[in-house]
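Reading the structure
Listed below, chain by chain, are the residues.
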Amino acid sequence: MHETALVFGYEFRRMLRNPVWVLIGLMQPVLWLLLFVPLLEELNTGTPKSADLKVFVPGVLTMLAIMSTLLVGYVFLGSLKDGVVERLAVTPVSRLALALGRILADVTGLLAQSFLVVLVACLMGFRADPLSVLLILGLMVLLGLSVASLSYALALNLREEASFSSIVNFVTLPLLLLSGMLVPLSFAPDWMRTVGNANPLYHAVEAVRSLAMDDRGSSDVVVGFLVLTVLTALTLTWAARSYRRVVP
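Numbers given to residues run from 1 along each chain, matching the order in which its sequence is written. Predicted model: local features are reported for residues with pLDDT of at least 70 only, side-chain atom pairs are reported and counted for 80 or more only, and whole-chain, interface and lining totals are derived from all residues. Processing note: side-chain calculations cover all non-hydrogen atoms of the structure and skip hydrogens and water entirely.

**Notes on the overall build of the protein chain**
Secondary structure is summarised from DSSP: a helix means a run of H or I of at least four residues, a strand means a run of E of at least two, and numbering begins at the N terminus for each. Check the secondary structure of the protein chain and you find eleven helices and zero strands. In sequence order, the secondary structure elements of the protein chain are arranged as α-α-α-α-α-α-α-α-α-α-α. Taken along its principal axes, the extent of the C-alpha atoms in the protein chain is 65 × 40 × 35 Å. Relative accessible area decides the class of each residue, using a 1.4 Å probe on protein chains only: under 20% of the type maximum gives buried, over 50% gives exposed, and in between gives partly exposed. When the 248 residues of the protein chain are sorted by exposure, 46% land in the buried category. Across the protein chain, the fraction of contacts at a sequence separation of at least 24, relative to all contacts at a separation of at least 6, is 80%. Working note: accessible area of the protein chain is about 12,600 Å², and carbon and sulfur atoms make up 71% of it. Residues are treated as being in contact if the distance between any of their heavy atoms lies within 4.5 Å. Accessible areas in this description were obtained via Shrake-Rupley with a 1.4 Å probe; residue shielding takes into account the shown protein chains only.

Here is the structure:
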């Protein structure tokens, strides 16, 4: 834990030394709300604005968690080629700490973005119980951990920017569309709902939507936490093993 904290502190300070990227990362999800919520108001068919936000905001949060952490492996490939990872490898720090420290720094940035989105959404009319908001942020942490771990594992196994970007671009769109982030799958054909049920992101979106509606006892919330916990354990294990294999 001490070694993980050291790596986390190093990565987090390095992130803060580039304030432009920090600012862009914080403002991007806010722009989603500022640009899309007015469209929701125009398309409103009689449902209250707060009800629209309870469907839209969870989708924005889930998309933010994926897009903010999915490409961290691409940046990591630059450090790998520059020899930064090899220089850290000569230290007595455990390989798990080297991987986990980086991942936790990425998730901390995601948590700040998610909190800002919830804050701006509240200013625009979104309402949810504080406990529900905390559980939503907990789901974002699990989702960020799993996606960041997957991104690092892919980078460590592929070791090439072109291959990494090709695979990420290929799988991202189907996963997003079959998760019901922006358009709930209740409007989709039967075959899309069937395939969507096999998508872990779908269960994350449904869990966040149930929490946004303060339905904390919903089975969607339980399933969402279980699915993301298992996914996080699997991807984090893969990332740690990939790190040990590449950095002996």
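**Structural notes on the pattern of salt bridges**
By definition, a salt bridge exists where a carboxyl oxygen of Asp or Glu is found within 4 Å of a side-chain nitrogen of Lys or Arg. For the structure shown, the criterion picks out three salt bridges. Between Glu206 and Arg209 there is a salt bridge, with its nearest N and O atoms 3.9 Å apart. Taken together, the positions of Glu206 and Arg209, both in helix α10 (residues 200-212) and three residues apart, correspond to about one turn of that helix.

**Remarks on the nonpolar core**
The definition of a nonpolar core used throughout is a set of buried Ala, Val, Leu, Ile, Met, Phe, Trp, Tyr and Cys residues joined through side-chain atoms within 4.5 Å. If you look at the biggest cluster of nonpolar residues, it comprises 60 residues, and the most contacted ones within it are Leu33 and Phe76. Elements with a minimum of two residues in this core: α2 (19-43), α3 (49-70), α4 (72-81), α6 (95-123), α7 (130-158), α8 (161-177), α10 and α11 (219-246). Among all residues touching Leu33, those that are not within four sequence positions of it are Pro38, Phe56, Val57, Val117, Val120, Ala121 and Met124. Counting five residues, the second largest nonpolar core, distinct from the first, contains Leu185, Ala188, Met192 and Tyr202.

**Notes on empty space enclosed by the protein**
Site definitions follow a grid-based scheme: protein atoms alone, a 1 Å grid, a 1.4 Å probe that fits but cannot get out for cavities, and for pockets an open set with protein on both sides within 12 Å along at least five of seven lines, plus lining residues having an atom within 4 Å of a point. Grid points are joined across faces, edges and corners, and a volume is the space filled by probe spheres set on the points. Tallied over the entire structure, the rule returns one cavity of 30 Å³ or more. There is about 30 Å³ of room inside the largest cavity. Lining the largest cavity, in full, are Leu98, Ala99, Arg102, Ile103, Tyr152, Leu156, Ala239 and Tyr243. Mapped by element, the contributors of at least two residues to the lining of the largest cavity are α6, α7 and α11. Here the lining of the largest cavity gets four residues from one element, more than from any other, and that element is α6. Residues are grouped as follows: Ala, Val, Leu, Ile, Met, Phe, Trp, Tyr, Cys and Pro are nonpolar; Asp, Glu, Lys and Arg are charged; all remaining types, including Gly, are polar. Looking at the lining of the largest cavity residue by residue, the class counts come to seven nonpolar, no polar and one charged.

**Some details on α8**
Residue pairs spaced three or four apart in an α-helix point in one direction, given the helix's 3.6 residues per turn. Between its first and last C-alpha atoms α8 spans 25 Å; for 17 residues at 1.5 Å apiece the expected length is 24 Å, and the two agree. When we look at burial in α8, the residues that qualify are Phe164, Val168, Thr172 and Leu176. By this rule, a helix spans an expected 1.5 Å times one less than how many residues it contains.

**Some details on α6**
Between its terminal C-alpha atoms α6 stretches 43 Å, which fits the 42 Å expected from 29 residues at 1.5 Å a residue. Taken from the residues just after α6, Gly125 is the one with a positive phi, measuring 120 degrees.

**A look at a nonpolar patch on the surface**
On the surface, Leu31, Leu34, Leu35, Phe36 and Leu39 cluster together to form a nonpolar patch covering roughly 470 Å² of accessible area. Examined against the element boundaries, Leu34 turns out to sit in helix α2. Each patch is built from residues lacking any salt bridge and having more than 30% relative accessible area; the joining distance is 9 Å for like charges and 5 Å for nonpolar side chains (Val, Leu, Ile, Met, Phe, Trp, Tyr).

**Observations concerning the packing of α6 against α7**
Here the axes come from fitting lines to C-alpha atoms, over the contacting stretch only for helices, and the angles between their N-to-C directions go from 0 to 180 degrees. At their nearest, the axes of α6 and α7 sit 9 Å apart, and the two run at 140 degrees to each other. Taken as a pair, α6 and α7 cross one another with a handedness that is right-handed. Contacts between α6 and α7 pair Arg102, Ile103, Leu104, Asp106, Val107, Leu110, Leu111, Ser114, Phe115 and Val118 from the former with Val133, Leu137, Met140, Val141, Gly144, Leu145, Ala148, Ser149 and Tyr152 from the latter. Across the contact of α6 with α7, the residue classes break down as 14 nonpolar, three polar and two charged. Put simply, a crossing is left-handed when the front helix is turned counterclockwise from the back one by less than a right angle, and right-handed when it is turned clockwise.

**What about the environment of Met67?**
By secondary structure assignment, the location of Met67 is in helix α3. The exposure class of Met67 is partly exposed, given its relative accessible area of 39%. C-alpha of Met67 to C-alpha of Thr172: the two residues are 105 residues apart in sequence and 9.1 Å apart in space. In this structure, Met67 is in contact with Thr172 and Leu176, ignoring residues within four places of it in sequence.

**Looking at the confidence of the model for the protein chain**
Per-residue confidence from the predictor is reported as pLDDT, which spans 0 to 100. Here the protein chain averages 82 in pLDDT, while 92% of its residues score no lower than 70. When mean pLDDT is compared element by element in the protein chain, α7 scores highest at 90, while helix α5 (residues 84-89) scores lowest at 70.

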